[in-house]
Amino acid sequence: MMRPHVVVNCAMTADGKIASIARRQVRISSPEDMERVKELRTGSDAILVGVGTVLADDPHLTVRSLSPDKNPLRIVLDSQGRTPNNAKVLTGGVPTLIATAANCVKTWRGAQVLRCGEGQVDLQCLMVELERRGIERLMVEGGGETICSFFKNGLVDEYRVFVGSLVLGGVDAPTPCEGQGFLEKNAIRLRLLTVTQLGEGALLCYEVVRDAAQPA
Ligand SMILES: NC(=O)c1ccc[n+]([C@@H]2O[C@H](COP(=O)([O-])OP(=O)(O)OC[C@H]3O[C@@H](n4cnc5c(N)ncnc54)[C@H](OP(=O)(O)O)[C@@H]3O)[C@@H](O)[C@H]2O)c1
């Protein structure tokens, strides 16, 4: 299947958490890393998050230095239409696509809706639609459940994680890959490409190693 190139990007603490037990956004990235994320967004055709991140962090998902028409498409995975009407991801004149399950009837002012999948959004179906729209580079920003789904569906090409110099702890604090996890034999294998110090933290860039057991 032809599909966009998928880069997963997130920031975690030195103990592997992407937020605190309050499940609210925490500043983990260094200023240097924030600059890198801005460049990665700028070079992407679309930026995707799950509705859990919209509800927790209410992100704009924009690059402010770019005019609205030059910004990447914003995409939210939201099976049952839980994105609030006043979510920031619907503002700023930048296009937004909300992907819902087929049976969701909700609509939003300021967003297109793509209905695909029973129960949860079908990522393979979404990829076909993004390919059709000419999206070549998709950046997946989280959260953990969304990232896990992309791994599970064999849809990740690159995984970039910034490791910030703080510890949040907490057994219930989210990590980069949530969901049900994988048994060892099904672990996602990565090849480490680069390690870069960015201020008070380190950026690890990996590519996903594909084998016959993993769908392309
Ligand atoms: N540090 C970082 O880099 C970073 C980045 C982003 C977020 N975060 C943190 O991550 C946390 C939120 O993560 P989260 O795991 O709770 O939520 P999430 O991944 O943002 O969203 C998950 C939700 O997306 C919906 N969804 C629809 N289709 C899906 C599919 N095919 N696969 C997976 N999800 C699908 C599901 O809700 P429905 O079933 O209702 O559709 C699911 O509950 C927050 O604490 C936030 O602060 C951290």
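Quantities reported herein were computed from a predicted structural model and do not represent experimental measurements.

Looking at this structure, how should I read the overall build of the protein chain?
What the protein chain contains, in helices and strands, is 4 helices and 9 strands. The C-alpha radius of gyration computed for the protein chain amounts to 17 Å, which stays within 12% of the reference 17 Å derived for 216 residues, consistent with globular compactness. If you line up the protein chain on its principal axes, its C-alpha atoms span 40 × 40 × 30 Å. Of all 216 residues assigned to the protein chain, the portion counted as buried reaches 48%. Contacts in the protein chain between residues far apart in sequence, at least 24 positions, make up 66% of those at least 6 positions apart. Split by element, the accessible area of the protein chain, about 11000 Å² in all, is 51% carbon and sulfur. Across the protein chain, the mean location of the 25 positive side-chain charges is 4 Å away from that of the 25 negative side-chain charges.

For this particular structure, what's the right way to read helix α4 (residues 144–152)?
An α-helix turns once per 3.6 residues; consequently, residues spaced three or four apart project the same way. Where α4 is concerned, the buried positions are Gly144, Thr146, Ile147, Cys148, Phe150 and Phe151. Phi turns positive one or two residues past the end of α4, at Gly154, with a value near 65°.

How do you make sense of helix α3 (residues 123–132) when you look at a structure like this?
Leu123, Leu126, Met127, Glu129 and Leu130 are the residues of α3 that are buried. Down the axis of α3, the buried set is contained in an arc of 165°. They therefore lie on one face. One side-chain oxygen at the N-terminal end of α3 lies 3.0 Å from the backbone nitrogen of Gln124; it belongs to Asp122. Following α3 by one or two positions, Gly134 has its phi on the positive side, about 85°.

Criteria and cut-off values
Each chain has its residues counted from 1, running along the sequence as written. Thresholds applied to this predicted model are a pLDDT of at least 70 for local features of residues and 80 or more for the giving and counting of side-chain atom pairs; totals over whole chains, interfaces and linings are not thresholded and use all residues. Computation of side-chain values covers all heavy atoms of the structure but excludes hydrogens and water. Going along the chain from the N terminus, every DSSP run of H or I of four or more residues is numbered as a helix, and every run of E of two or more is numbered as a strand. Computation of the radius of gyration draws on C-alpha atoms alone. For the globule rule, the value is 2.2 Å times the number of residues to the power 0.38. Any residue under 20% of the maximum accessible area for its type is buried, any over 50% is exposed, and the rest in between are partly exposed; the area is computed with a 1.4 Å probe on protein chains only. By the convention used here, residues are in contact when the closest approach between their heavy atoms is within 4.5 Å. Residue-level accessible areas treat just the shown protein chains as cover; the underlying method is Shrake-Rupley with a 1.4 Å probe. The charge count includes Lys and Arg as positive and Asp and Glu as negative, but it does not include His or the ends of the chains. Every charge is mapped onto a representative atom, which is NZ of Lys, CZ of Arg, CG of Asp or CD of Glu. The arc in question is the one spanned by the directions pointing from the helix axis to the C-beta atoms. Distance and chemistry together define a polar contact, namely a pair of N or O atoms within 3.5 Å, with one atom able to donate a hydrogen and the other to accept it when in protein, and with adjacent residues in sequence counting only for side-chain atoms on both sides.

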